[in-house]
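# Coordinates in review
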Amino acid sequence: MTTQLFESNTRGKADFGWLKANFSFSFGNYFNPERLQFGMLRVLNDDIIKGGMGFGTHGHANMEIITIPLEGGLKHRDSMGNIGVIGFGEVQVMSAGTGVEHSEMNASHIDEAKTLQLWVFPDKEEVTPRYDQKSFDIENQINTFVNIVSPNDMNDGNALWVYQKTFFHLGIFDSNTCSTYQVRIPNNGVYLFLIEGEIEVNNHVLKARDAMGIIDFEAFEIKIITKSKILLVEVPMN
């Protein structure tokens, strides 16, 4: 097993007043040639959006976009005709395919919205754009990883699906417990992002917003030091 630790304070940053963002990979004005992507994972943005503000209409193509609200909600509108709010406990996926335009605004005019948005390169391009969202009761499934995103041809109907051999898992774990993750597809890697808490992986201690890239493994163990919320993204490395 090969691991690489990415401490939270080494991420790219942007502060536009209405938006405070942290970039795990090169994005916008932040460019780091050593952090372009992790396998097929291209973007992991950790955003805080001021009340009443957000991202105006903009376009995407040939990208799988996954949005996970951590606090508050986002009002979504797109060129496919979807209008609605995605809130805490829900996950949104959008296959941009041949091209889609959308806007994402804080659903509250007062409170901040905190979100994670991830982009994954698809394994099938120029598809008809599609949108989906689903609620996951992570809080009542403590000490287990809940599958929230799966490949389109390996989905059991409980998770959202995308056009890539990727698996997203989200879990909340009590302190002084352990969890083992087993790779779903051989030669895939895992990008572990610690949302909250403190854990240990491969003799490295991770604190909130730290991340770790993990490759060349069949399974690995996570030791939970304090109560933690963890996002695991398994993706093809090439």
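A few points on the structure. Everything quoted here is computed from the prediction, not taken from an experiment. (Residues numbered from 1 in each chain as written. Predicted model: local features only at pLDDT ≥ 70, side-chain atom pairs only at ≥ 80, totals over all residues. Heavy atoms only, no water.)

So, on to the layout of surface pockets. Where empty space is left becomes clear once a probe the size of a water molecule has been rolled over the atoms. Approximately 290 Å³ is the volume found for the largest pocket. Lining the largest pocket are 21 residues; nearest its centre among them are Leu19, Phe23, Phe27, Asn45 and Phe55. If you list the elements that add at least two residues to the lining of the largest pocket, you get strand 2 (12-15), strand 3 (19-23), strand 4 (41-49), strand 5 (54-60) and strand 11 (113-120). The residue makeup of the lining of the largest pocket, split by class, is 11 nonpolar, 7 polar and 3 charged. Residue lining of the second largest pocket: Arg11, Asn22, Asp46, Ile48, Leu70, Glu71, Phe88, Lys114, Ile195, Glu196, Arg209 and Lys229, and that is the complete set. Elements supplying a minimum of two residues to the lining of the second largest pocket: strand 4, strand 6 (64-71) and strand 17 (189-201). In terms of residue class, the lining of the second largest pocket is made up of 4 nonpolar, 1 polar and 7 charged. (1 Å grid on protein atoms, 1.4 Å probe; cavity = no way out; pocket = protein on both sides within 12 Å on 5 of 7 lines; lining within 4 Å. Points joined across faces, edges and corners; volume = space filled by probe spheres on them. Helix = DSSP H or I, 4+ residues; strand = E, 2+ residues; numbered from the N terminus. Nonpolar A, V, L, I, M, F, W, Y, C, P; charged D, E, K, R; others polar.)

This paragraph deals with the pairing of strand 9 (residues 90-95). Most of strand 9 is tucked away: 5 of the 6 residues are buried. Here 4 bridges tie strand 6 to strand 9, and the two strands are oriented antiparallel to one another. Pairing of Thr67 across the sheet is with Gln92, part of strand 9. As judged from the 6 bridges shared by strand 9 and strand 12 (residues 130-135), these two strands associate in the antiparallel manner. The residue bridging Val93 from the neighbouring strand is Asp132, located in strand 12. (Buried < 20%, exposed > 50% of the residue type's maximum accessible area, 1.4 Å probe, protein only. Pairing = 2+ DSSP bridges.)

With the rule as written, the count across this model stands at 6 salt bridges. Of the charged contacts in the structure, one is a salt bridge between Arg11 and Asp46, with a shortest N-O distance of 3.1 Å. One end of the pair, Arg11, is in the loop between strand 1 (2-6) and strand 2; the other, Asp46, is in strand 4, and 35 residues separate them in sequence. With respect to class, Arg11 is no different from Asp46; both count as buried. Residues Lys165 and Asp153 are paired through a salt bridge, measuring 3.4 Å at the closest nitrogen-oxygen approach. (Salt bridge = Lys/Arg side-chain N within 4 Å of Asp/Glu carboxyl O.)

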